[in-house]
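Chain by chain, the residues:
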Amino acid sequence: QLDQKVNVIGKDEIAELGNAFNHMTDQLQRVEQSRQEFVSNVSHELKTPLSSIKVLTESLMFQEDVPVEMYKEFFEDINSEVDRLNNIISDLLTLVRLDQREIPLNIANVDINEMTQNILKRLTPLAKKKEIKLIYESHKDIIAEIDEVKFTLALTNLIENAIKYTPSGGEVGVVIQSDLQDAFISVQDTGIGIAKEEQSRIFERFYRTDKTRNRETGGTGLGLAITYKTVIMHNGSIQVESEEGKGSVFSVQFPLRHVWEGGTK
Ligand code: ADP
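Residues numbered from 1 in each chain as written. Predicted model: local features only at pLDDT ≥ 70, side-chain atom pairs only at ≥ 80, totals over all residues. Heavy atoms only, no water.

Where an unreviewed UniProt entry is consulted, the protein appears under the name histidine kinase, with the organism given as Cellulosilyticum lentocellum. Here is the UniProt Subcellular location (unreviewed entry) comment for the protein, exactly as written: "Cell membrane". (UniProt positions renumbered as here; feature names shortened; annotations may be inferred.)

Q: I'd like a rundown of the overall build of the protein, residues and numbers included.
A: The number of helices and strands found in the protein is seven helices and seven strands. Taken over the C-alpha trace, the protein has a radius of gyration of 24 Å; the compact-globule value for 265 residues is 18 Å, which it surpasses by more than 25%. Dimensions of the protein, computed from C-alpha atoms along their principal axes, come out at roughly 90 × 60 × 35 Å. Counting across all 265 residues of the protein, residues that qualify as buried make up 38%. Considering only contacts within the protein whose residues lie at least 6 apart along the sequence, 72% involve residues at least 24 apart. For the protein, the computed accessible surface area is about 17000 Å², with 52% contributed by carbon and sulfur atoms. When the 30 basic and 42 acidic side-chain charges of the protein are each reduced to a single mean position, those positions are 2 Å apart. (Helix = DSSP H or I, 4+ residues; strand = E, 2+ residues; numbered from the N terminus. Rg over C-alpha atoms; globule rule 2.2 N^0.38 Å. Buried < 20%, exposed > 50% of the residue type's maximum accessible area, 1.4 Å probe, protein only. Contact = heavy atoms within 4.5 Å. Areas by Shrake-Rupley, 256 points an atom, 1.4 Å probe, with all protein chains shown as cover. Lys, Arg positive; Asp, Glu negative; His and termini not counted. Charge placed at Lys NZ, Arg CZ, Asp CG, Glu CD.)

Q: Residue-level account of the pairing of strand E7 (residues 247-255), with values.
A: Pairing of strand E5 (residues 182-189) with E7 involves eight bridges; the strand directions are antiparallel. Paired with Ala-183 across the two strands is Phe-254, which belongs to E7. As defined by bridge partners, strand E6 (residues 237-243) adjoins E7 across seven bridges and the pair is classed as antiparallel. Counterpart to Ser-237 in the pairing with E7 is Gln-253. Connecting the antiparallel pair E6 and E7 is a turn made up of three residues, with Gly-245 showing a positive phi of about 80 degrees. (Pairing = 2+ DSSP bridges.)

Q: Can you lay out the pattern of salt bridges for me, pointing to particular residues and giving the numbers?
A: According to the stated counting rule, one finds ten salt bridges in the structure shown. Two residues, Arg-35 and Glu-32, come together in a salt bridge whose shortest N-O distance is 3.1 Å. Taken together, the residues Arg-35 and Glu-32, both in helix H2 (residues 11-62) and three residues apart, mark about one turn of the helix. Glu-32 gets classed as partly exposed once you look at its relative accessible area, which sits at 32%. (Salt bridge = Lys/Arg side-chain N within 4 Å of Asp/Glu carboxyl O.)

Printed below as a string of structure tokens:
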């Protein structure tokens, strides 16, 4: 009976099934590999600040007659390593929740200009500290169906990066536009820029460019991954154009009306 069945299915179909199966196995292997890479990256990123804390506490513990100033200095360093651990863990939690869609999008009509101006207001002290000029440009009212909290975080990451990776005295501009279907937000800076070969990698989790890897910018390498994921969840897209030493432009596009999975609301 089995022979008959095989005959009915035919050799070509069996070969096709075999190919499909191989393809599936390849995909599973790739998923498993990226999962392992992610876990090893997470461990590495968490271990670095932990090792610093360990070195700092041990040097205080085993040294006799430590002057008060030294205590203070070491505790400040320990404190900033603890802050760093905190940032990494909270970014990781955000990403994991986005991945699992644990919290569904809370879609509402949002005034994009108001949302952006609120973000810029919050980032003004950071820009002032670096003497960076914040420029905002928008020509019309734009209302879009988005999750305001998640989108605010996504846009904050872009503007914060623009400030972080621009030397003192530079400029950061946010331009908002729309047509009948889509909204367009671009974040431009006159900063250090991103090398061509690295531009496609900056949205990866924990990826930091050669130029910034050893800098004390306090980044986690997760910000752009969160932004990317959020934009995709809003059925949008994000692109980067950049030239080293000149600056970068991040362009986000997303539909004004939210497209619900599986059809209309
Ligand atoms: P981080 O927390 O390190 O800023 P992100 O995921 O936000 O991580 O960004 C990833 C990397 O992309 C950064 O470490 C930096 O190397 C690069 N990058 C992001 N935005 C900019 C920018 N505006 N100018 C130059 N480099 C940038």
